[in-house]
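# Geometric and topological summary
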Amino acid sequence: MISFSLWDIVRNLLLALRWTVLLSLASFALGGLLGLIVLFLRTSKHAWLRTITKMYIELFQGTPLLMQLFLAFFGLALFGLEVPAWLAAGLALTCWSSAYLAEIWRGCVEAIPRGQWEASSCLAMSYMQQMRHVILPQALRIAIPPTVGFSVQIVKGTAVTSIIGFVELSKAGTMITNATFQPFTVYALVALMYFALCWPLSKYSQSLERKFNASHRH
Amino acid sequence: MSYHFDFLAPFDYPAVLIKGVLVTIELIAIGGVLGIAVGIFAAWAKTQGPRWLRPLINAYVELIRNTPFLIQLFFIFFGLPGIGLQITEMEAAILAMVINLGAYSCEIIRAGIAAVARGQIEAGLSLAMTRLQIFRHVILPPALQKIWPALSSQVVIVMVGSAVCSQIAVEELAYAANFIQGRNFRSFESYLLSTAIYLVLAIGLRQLLRMLGNWLFGRPVAKEAA
């Protein structure tokens, strides 16, 4: 019988941690891109575009990420597509994070005083020009701390992808538990590794918030 | 070969589905109330409690907010029996939800407490109220009123997150969907229906919490912030 030393457990978990990091980065980048598109539609002049994107956001915030994963996993398969777990995981996490990021950023765009919109429309700027040159540069400043804060939610969200069989940190933890019968140690280590990823991001987000608030006050 | 949808298929096992919805409601009802209670206690301890308690509360909040709910659930359900604590899956699920919501609501409520004007507390002191009376009657109600929308959102997030409790065989809604698709192989339809039910539950819960806020605080609370 093969026996597992503590180092074996840690080493295997660290190897799986790569996939958690990779999936988080991909979801954050793609979710951010999609979120930006959703944001543009969500703040557009056309009421029907705002309604559709509101429903999109409501849909992804009001349903479990787990169900979104299952639907991506089984839904695409219905169209005859062979869906590997990583693809379903990436797709569901991208849509999920885009809904949250769009809503976070909408708050930041709406925090920009109305007068800025009016002034730029007096200059005959189009909607895209207003966004590009006037609104977004200012909104970006407010948006950075909560966006970094949300990246923590994405890292934690990737844990759910273990359920459809994507072998990242959580799945590796379950597999190692099944081999070693040491759930207490293994899950404590898994939790610690997530903590090591997320805590610096949380702290960074907090410090950014303080920094931007301080410069806002004078 | 094309796929023929059968949207009536998820209703093949109505009893399982109904039980799933009821268990999900039970989870959030118990988890929500106890979780907010823990949050209030933790926020009290962090702002006015004994000094030695504060680092412990801080550690609790940081640890829970920076690890996935799924891992907290697994640690409680699979890990605790390893050191001799036996609990049922339902107890584990509720415990995990209470611990999770407690940490998030602690931070939310603390922000509300910080926003209560200093003069209010001094006024309470001048009426010879004890510190606990001041917290209960002067600080907590306006603090909760201010952060009620944020707290409501967090409760909805925890309800939606409870779907992963199916992984430790709690027979809630996601478990029902898994069960049904395991019987009739209609996975897409089952998951679509259960997702729709979750959406209805989330919207209903948000309305319920808004009404509860209006009732508790006597006047309409601020509309949900972005």
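Residues numbered from 1 in each chain as written. Chains lettered and ligands numbered in written order. Predicted model: local features only at pLDDT ≥ 70, side-chain atom pairs only at ≥ 80, totals over all residues. Heavy atoms only, no water.

- Recorded in UniProt for chain A, the comment headed Sequence similarities (unreviewed entry) runs: "Belongs to the binding-protein-dependent transport system permease family. HisMQ subfamily." (UniProt positions renumbered as here; feature names shortened; annotations may be inferred.)

## Structural notes on the overall build of chain B
- Per the secondary structure count, chain B includes 8 helices and 0 strands.
- Expressed along its principal axes, the backbone C-alpha trace of chain B runs to roughly 75 × 45 × 25 Å.
- Looking at the 226 residues of chain B, the share that counts as buried comes to 49%.
- Entry remark: accessible area of chain B is about 11,000 Å², with carbon and sulfur atoms responsible for 68%.
- Looking at chain B, you have 16 positive and 12 negative side-chain charges, and the mean spots of the two groups are 16 Å apart. (Helix = DSSP H or I, 4+ residues; strand = E, 2+ residues; numbered from the N terminus. Buried < 20%, exposed > 50% of the residue type's maximum accessible area, 1.4 Å probe, protein only. Areas by Shrake-Rupley, 256 points an atom, 1.4 Å probe, with all protein chains shown as cover. Lys, Arg positive; Asp, Glu negative; His and termini not counted. Charge placed at Lys NZ, Arg CZ, Asp CG, Glu CD.)

## Structural notes on the UniProt feature "transmembrane region" (unreviewed entry) in chain A
Residue and element names in this part refer to chain A.
- This chain's UniProt record puts "transmembrane region" (unreviewed entry) on residues 20-41, 62-81 and 184-202.
- Overall, residues 20-41 shows 100% helix and 0% strand. The separation of its end C-alpha atoms is 31 Å.
- Within residues 184-202, the helical portion is 100% and the strand portion 0%, while the C-alpha atoms at the span's ends are 26 Å from each other.

## Overview of the side chain of A:Thr147
Residue and element names in this part refer to chain A.
- The residue Thr-147 is located in helix H6 (residues 127-157) in this model.
- Only 2.9 Å separates the side chain of Thr-147 from the side chain of Trp-105, close enough to count as a polar contact.
- Sequence-distant contacts of Thr-147, defined by excluding residues within four places in its chain, comprise Phe-28, Leu-101 and Trp-105. (Polar contact = N/O pair within 3.5 Å; in protein donor to acceptor, adjacent residues only side chain to side chain. Contact = heavy atoms within 4.5 Å.)

## A look at the state of the cysteines
- Per the counting criterion, the structure on display carries 0 disulfides over all chains.
- Between B:Cys106, a free cysteine, and A:Cys198, which holds the nearest cysteine sulfur, the sulfur-to-sulfur gap is 18 Å.
- Residue B:Cys106 is classed as buried on the basis of its relative accessible area of 0%. (Disulfide = S-S within 2.5 Å.)

## Quick look at the interface of chain B and chain A
- Tallying the contact residues gives 37 residues for chain B and 39 residues for chain A.
- In total, chain B and chain A occlude about 3,300 Å² of area from one another, counting both sides; carbon and sulfur atoms represent 76% of this.
- Joining chain B to chain A, the criterion identifies 1 salt bridge.
- Looking at the side of chain B that touches chain A, the elements that each hand over two or more residues are helix H2 (53-65), helix H3 (69-82), helix H6 (131-161), helix H7 (173-184) and helix H8 (187-217) of chain B.
- Looking at the side of chain B that touches chain A, the element that brings in the most residues is H8(B), giving 11 residues.
- The residue inventory of the side of chain B that touches chain A, partitioned by class, reads 25 nonpolar, 9 polar and 3 charged. (Buried area = accessible area lost by both parts, 1.4 Å probe. Salt bridge = Lys/Arg side-chain N within 4 Å of Asp/Glu carboxyl O. Nonpolar A, V, L, I, M, F, W, Y, C, P; charged D, E, K, R; others polar.)

## Digging into unusual backbone geometry
Residue and element names in this part refer to chain A.
- Positioned with a positive phi, Ala-124 is a non-glycine residue whose angle comes to about 60°.
- With respect to the secondary-structure elements, Ala-124 resides in the loop between helix H5 (114-122) and H6.
- Given a relative accessible area of 65%, Ala-124 falls into the exposed group.
- A positive phi is found at Phe-181, a non-glycine position, where the angle reads about 55°.
- Note that Phe-181 resides in the loop between helix H7 (169-180) and helix H8 (183-217).

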